[in-house]
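Coordinate inspection notes
Now for the letters of each chain:
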Amino acid sequence: MSTNEHQLLDVRDLRVRYGGRRAGRRGGTVAVDGVSLSVAPEETLGLVGESGSGKTTVARCVAGLLRPGAGTITFDGRPLARAGRRPAGLQRAVQMVFQDPRSSLNPQMTVASIIAEVWSTHPVTAPDGDRTKALHGLLADMGLDPEVASRRAGDLSGGQCQRVSIARALAVRPRLLVCDEAVSALDVSVQAQILRLLVDLRGRHRLAMLFISHDLGVVHQIADRVAVMRRGVIVEEGGTGEVLTAPRHPYTRDLLDAALDLDDSVPGDGTADDEAVV
C-alpha cells in the first residue's frame, strides 16, 4: 500500500451509530466502528462483507449522503463534508452508482433528460457544441444504442438502467466512483457485462473505485486490493490475490467458501449487449 500522501481517498477512524440517546446513555446500533481505508489514484479497492457489516454505511459517508459520528474523510488532501456542503469540484469528483438501478433513476424521465439535468447542475462539465452528439457518444461508451436517449428510464431493462446510472455518474467526469453492490440486483449474465464495462471505463477514464460487494468472487474480477468488513470493523486487508489465496481471518475464509466461479476472468471491452440493450 502506498503512503497516505499518495492517496486519493483517505478515511480515518470512521464511526457511525444509528439511533439516538436513551436515558442519558448512548443508544442505537454501531454500524461502523473505527474504519480506516484508502484508495490511490486509478486504484480499485473492493470493500467486502455480508449484509449488515457496515460497508454500505461507509460508502454513503464517502459519497456524502450520511454524516459520520466521528472520524475524517479526505479527498486529494481536502476534507469531504456532506454532499450539499461540498464545493462543486469535490461534489463532481466523487460519484456513486447504487445497488438498485431502477429505483436510482426517475422512471418518468427520458435518458436524455437525466443526462441533461446532470450537465445543467454541473455546467462546467457540459460538452461544448452539439450536446445530442455528445450524449450519443456517452451512451455508446456504455454499450447503449443512441435510440435509448429518447426512452423513459421506467421502460428500460435492469442492465440498461445500470448503464444509464453509470453514464450519469461519468457525465461529470469524476475521479472516484463509489459502486455500492452495483451488480448484485442484476442477472448473472448481465452482472458479467457490467463488470466488464466498469473495468473498461476505469482504464479509459483513469478512475479510482471503491467497489462494495458481499461477494468475493465478484470483487476478484475488478479489485486491486480488498478490505474485508465484519460487524462494523475491517478484519483483513491486502492485495486481491493475497487475500483470496491466503486469507488470514476465518470470516474471509467463510466468504471465499461462499463465492462461486472465483477463477472467472473479465475479458472483452465491456460493450457487449445485455438483455435488450437496443
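Right above here is the structure, for reference.
Residues numbered from 1 in each chain as written. Predicted model: local features only at pLDDT ≥ 70, side-chain atom pairs only at ≥ 80, totals over all residues. Heavy atoms only, no water.

Quick look at the overall build of the protein
Each helix and strand in the protein was counted, giving 9 helices and 12 strands. Taking all contacts inside the protein whose residues are at least 6 apart in sequence as the whole, residues at least 24 apart take part in 67%. Of the roughly 12,800 Å² of accessible surface on the protein, a fraction of 47% belongs to carbon and sulfur atoms. (Helix = DSSP H or I, 4+ residues; strand = E, 2+ residues; numbered from the N terminus. Contact = heavy atoms within 4.5 Å. Areas by Shrake-Rupley, 256 points an atom, 1.4 Å probe, with all protein chains shown as cover.)

Quick look at helix α1 (residues 55-63)
Within an α-helix, residues lying three or four positions from one another point in the same direction, as the helix has 3.6 residues per turn. When you tally the buried positions in α1, you get 7 out of 9 residues, the bulk of the element. What α1 keeps buried is the set K55, T57, V58, A59, C61, V62 and A63. Downstream of α1 by one or two residues, G64 has phi in the positive range, about 85°. (Buried < 20%, exposed > 50% of the residue type's maximum accessible area, 1.4 Å probe, protein only.)

Considering the sheet that holds strand β4 (residues 29-39)
Sheet strands line up and pair through hydrogen bonds in the backbone, either parallel or antiparallel. On the basis of which strands lie adjacent, the open sheet formed by 4 strands has the order β4-β1-β6-β7 and antiparallel pairing. Both edges of this open sheet fall to β4 and β7 (78-79), since each of them pairs with a single strand only. In the sheet, strand β6 (residues 70-75) pairs with β7 via 2 bridges, with the strands oriented antiparallel. Among the inter-strand pairings, F75 is bridged to a residue of β7, identified as R78. (Pairing = 2+ DSSP bridges.)

Digging into the side chain of T44
Mapped onto the elements, T44 comes out in strand β5 (residues 44-48). Residue classification places T44 among the buried positions, given a relative accessible area of 0%. Once residues lying within four places of it in the same chain are set aside, the contact partners of T44 are R202, M209, F211, I222, A223, D224 and R225.

A look at the pattern of salt bridges
If you walk through the whole model with that rule in mind, you get 14 salt bridges. Ionic pairing is found between D13 and R15, a salt bridge with its closest N-O pair at 2.9 Å. Classification of R15 as partly exposed rests on a relative accessible area of 33%. The salt bridge partner of R204 is D141, with a shortest N-O separation of 3.6 Å. In this pair, R204 sits in helix α6 (residues 188-205) while D141 sits in helix α4 (residues 131-141), placing the two residues 63 residues apart along the sequence. Relative accessible area serves as the criterion here: at 41%, R204 is assigned to the partly exposed category. A relative accessible area of 26% places D141 in the partly exposed class. Through salt bridges with shared partners, one network takes in D13, R15 and D33. (Salt bridge = Lys/Arg side-chain N within 4 Å of Asp/Glu carboxyl O.)

Considerations on the packing of helix α5 (residues 158-170) against α6
At their nearest, the axes of α5 and α6 sit 10 Å apart, and the two run at 15° to each other. The pairing of α5 with α6 is recorded here as roughly parallel in orientation. Considering the relative orientation of α5 and α6, their crossing is right-handed. Across the interface between the two elements, G159, Q162, R163, I166 and L170 of α5 pack against V190, Q193, I194, L197, L198, L201 and H205 of α6. (Axes fitted to C-alpha atoms, helices over the stretch in contact; angles between N-to-C directions. Parallel < 35°, antiparallel > 145°, perpendicular 65-115°, else oblique. Left-handed = near helix turned anticlockwise from the far one by under 90°.)

Describing the packing of helix α3 (residues 111-121) against α4
At a minimum axis distance of 11 Å, the contact between α3 and α4 shows a crossing angle of 110°. Our classification of the angle between α3 and α4 gives roughly perpendicular. On the side of α3, the interface is formed by V111, A112, I115 and W119, while α4 contributes R131, A134, L135, L138 and L139.

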